[in-house]
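Notes for the structure review
Residue strings, one per chain:
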Amino acid sequence: MTELTSDSFDRPVRTRFAPSPTGFLHVGAFRTALFSWLVAKKFGGQFILRVEDTDQARVVPGSLESLIRSMQALGIMYDEGPDKSSVAALDVQKYGAVDPSILPDFDGEYGPYFQSQRLTRYSEVLEQLLEEGKAYYAFETQEELDAQRAVAMARKIPFLYNRRYRDFSLGESRDRIARGEPAVIRFKMPVSGPIRTVDALRGETIWDATTMDDFIIQKSDGFPPYHLAAIVDDHDMLISHVLRGEEWIPSFPKHVCLVQALGWEQPIWIHAPSVLGTDKKKLSKRHGAKPLIGPVPELKDGELTGDFLSGLINQEGYLPEALVNFLALIGWSPGDDREVMPLSELLSAFSVEAISTAPGIFDADKLLWMNGVYIRNLSREDFVQRALPFLQNAKLLPDNPNIEEVTYASVALELEQERVKRLDEVSALTDFFFPELPVYSEKSVANWLRKGGMTTAAYLSAVASSLSNIEPWNETVVEQAVRNTGIEFNREKGELTHPVRVAVTGRETGPGLFETIAAMGKKRTLTRLAHAVELARG
Ligand code: GLU
């Protein structure tokens, strides 16, 4: 049996993410990219972004920018990959414009990192394989292949290309090509015997060569398919660990044979498990999937607008560190029951061996929970800094707020930090702080301001007058003043606090009443109480 993989070797760690810019990427792709990034960072290696754009007809404008923005938002930027000049050389119509400010100035030593810019290199390798008799031109037309496939189907046997041109002389084939005949190039797979592959998670697998095709390594349009391009690039870019999705397992033996035919060292192959919804089905919009699909991206007129992960972060208010933690646990676990693991902890706990072979589950509820934990763990200042843009988006704060506006918003935000699970919730939670008067619902007015008739009006007015005299204005003193007034009016518990809450916030629930009043300040509080007294009088 041929030894087709080496299980261990000693090379600098270099991993890659190799997406195709053909649409927006599934969250599973980012999970796999994160695993690759973790392997590189854990071992002090490099993480490479290679854009697999050989299928030019499928390139979707905007998807390249979306991809890079998502990586950036998640904090898994590449050490080598597309830079300003390689991106500037792309066809803008096809790829869409990419904001140069998100691109590095230098791409790296092993570029270009766009497969469409590496065609000469693939031709070189194809030529080598042809010359060494390891590949051959095949001249079947699509119709001929379809007819062969139909015969196989009728006989209910799997279709395997019949290898008609495998032993044709190369010289003769070249003559036919020179006469303009269209051809593909196929790779000579072993015709019989076992093929051995080794995956770092699954160990050894023995495949039967008689079930394998001589697959195409150059299509009739002159472009190489994934099978050739990825193998050449992984070698040339010195990739030590090829970490990719498990959908590539069926073609794994092809890749192993190709690497061997080229006389190259096998990388460490790792096939990461797929990502499923909580119902164990393929992820789709069905899975509550706002977080999966995000607020963006959208295909508008065939162009991808916005991007997925940065949409989750900048519009929905997931923290990048929470997303990283959450994604890392889809198909990997530290081997104990730890779940909340900041990056430094993830990096020290992460190991390739502990990646699971069973599908990982994307549980949107768990993401929300974890995000809440991360939000609660932020320092107050950090929380406020991250939450302020959400108040600006909601127009509760102007785009260029002055110091007083920021201070006031910060105090309001701090009161809500414990409760927030997504930063975009802060606008709904704090909106009553900002206008001169809050919105009073009819129901709250009826339940808490008008109930009790004139005594409630009198009570609120007494609360206002005792608050107008207090010094200093802080939570404790506010509480004393309100409680003393409540006792004078023989009010207890909810009867004491609720009307005051509704009067100053328009709401029946919220953060602690006295801290809210303290945060709101004397002037606003008194204005609102005066208005509520009017409402209570009916
Ligand atoms: N371009 C391939 C894809 O998007 C890459 C697979 C790989 O990581 O090798 O599925």
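Refer to the preceding data block for the structure.
Below: a short report on this structure. Not measured: the values here are computed from a predicted model.

Our next topic: the nonpolar core. Membership of the largest hydrophobic core comes to 110 residues, with the highest contact counts inside it found for Leu64, Phe383 and Leu449. Of all the elements, helix H1 (residues 27-42) adds the most residues to this core, at nine residues. Sequence-distant contacts of leucine 449, defined by excluding residues within four places in its chain, comprise Tyr440, Ser444, Thr456, Leu460, Pro499, Val502, Ala503, Ala532, Leu535 and Ala536. With 42 residues, the next largest nonpolar core counts Ile48, Ala135, Tyr137 and Trp207 among its residues.

With that out of the way, let us pick up the packing of aromatic side chains. We describe a pair of aromatic rings using the distance from one ring centre to the other and the angle between the two ring planes. In this structure the tally under the stated criterion is 14 aromatic pairs. Arranged with centres 5.4 Å apart and planes meeting at 45°, the rings of phenylalanine 35 and phenylalanine 350 form a pair that is tilted. Taken as a pair, phenylalanine 35 in helix H1 and phenylalanine 350 in the loop between helix H13 (343-349) and strand E13 (360-361) lie far apart in primary sequence, 315 residues in all. Judged by its relative accessible area of 0%, phenylalanine 35 is buried. Using a relative accessible area of 1% as the deciding quantity, one classes phenylalanine 350 as buried. Taking NZ or CZ as reference, arginine 176 lies 4.1 Å from the ring centre of phenylalanine 139, over its face. Sitting over the ring of tyrosine 161, arginine 186 keeps its end group 3.7 Å from the ring centre.

Looking now at the pairing of strand E4 (residues 184-187). Look at any regular strand and the pattern is simple: side chains alternate between the two faces of the sheet. Side chains Val184 and Arg186 project from E4 onto one buried face, and the interleaved Ile185 and Phe187 project onto a second face that is buried too. As judged from the four bridges shared by strand E3 (residues 135-138) and E4, these two strands associate in the antiparallel manner. From the neighbouring strand, alanine 135 faces E4, where its bridge partner is phenylalanine 187. Note that E4 and strand E7 (residues 216-218) share two bridges and pair antiparallel. Opposite isoleucine 185, over in E7, you have glutamine 218 as the bridge partner.

We now examine the site of the ligand. Taken together, Arg16, Ala18, Pro19, Ser20, Glu52, Tyr226, Arg244 and Trp248 make up the full set of residues adjacent to the ligand. The separation between an oxygen atom of the ligand and a polar side-chain atom of arginine 16 is 2.7 Å. Between tyrosine 226 and the ligand, the recorded distance is 2.4 Å, taken from a side-chain N or O atom to an oxygen atom. A total of 300 Å² of accessible area belongs to the ligand in isolation, and the protein chains cover 81% of it. Its residues placed into classes, the shell around the ligand shows four nonpolar, one polar and three charged.

Okay, the sheet that holds E4 next. Reading across the sheet, the three strands line up as E3-E4-E7 and stay open at both edges, with antiparallel pairing between neighbours. The strands lining the two open edges of the sheet, one partner per strand, are E3 and E7. Across the sheet, the axes of successive neighbouring strands diverge by a mean angle of 45°, strand direction being ignored.

Procedures and definitions
Residues numbered from 1 in each chain as written. Predicted model: local features only at pLDDT ≥ 70, side-chain atom pairs only at ≥ 80, totals over all residues. Heavy atoms only, no water. Core = buried A, V, L, I, M, F, W, Y, C linked by side-chain atoms within 4.5 Å. Buried < 20%, exposed > 50% of the residue type's maximum accessible area, 1.4 Å probe, protein only. Helix = DSSP H or I, 4+ residues; strand = E, 2+ residues; numbered from the N terminus. Contact = heavy atoms within 4.5 Å. Phe/Tyr/Trp six-rings, centres within 6.5 Å; stacked < 30°, edge-to-face > 60°. Lys NZ or Arg CZ within 6 Å of the ring centre and 35° of its normal. Pairing = 2+ DSSP bridges. Near = heavy atom within 4 Å. Polar contact = N/O pair within 3.5 Å; in protein donor to acceptor, adjacent residues only side chain to side chain. Areas by Shrake-Rupley, 256 points an atom, 1.4 Å probe, with all protein chains shown as cover. Nonpolar A, V, L, I, M, F, W, Y, C, P; charged D, E, K, R; others polar. Axes fitted to C-alpha atoms, helices over the stretch in contact; angles between N-to-C directions.

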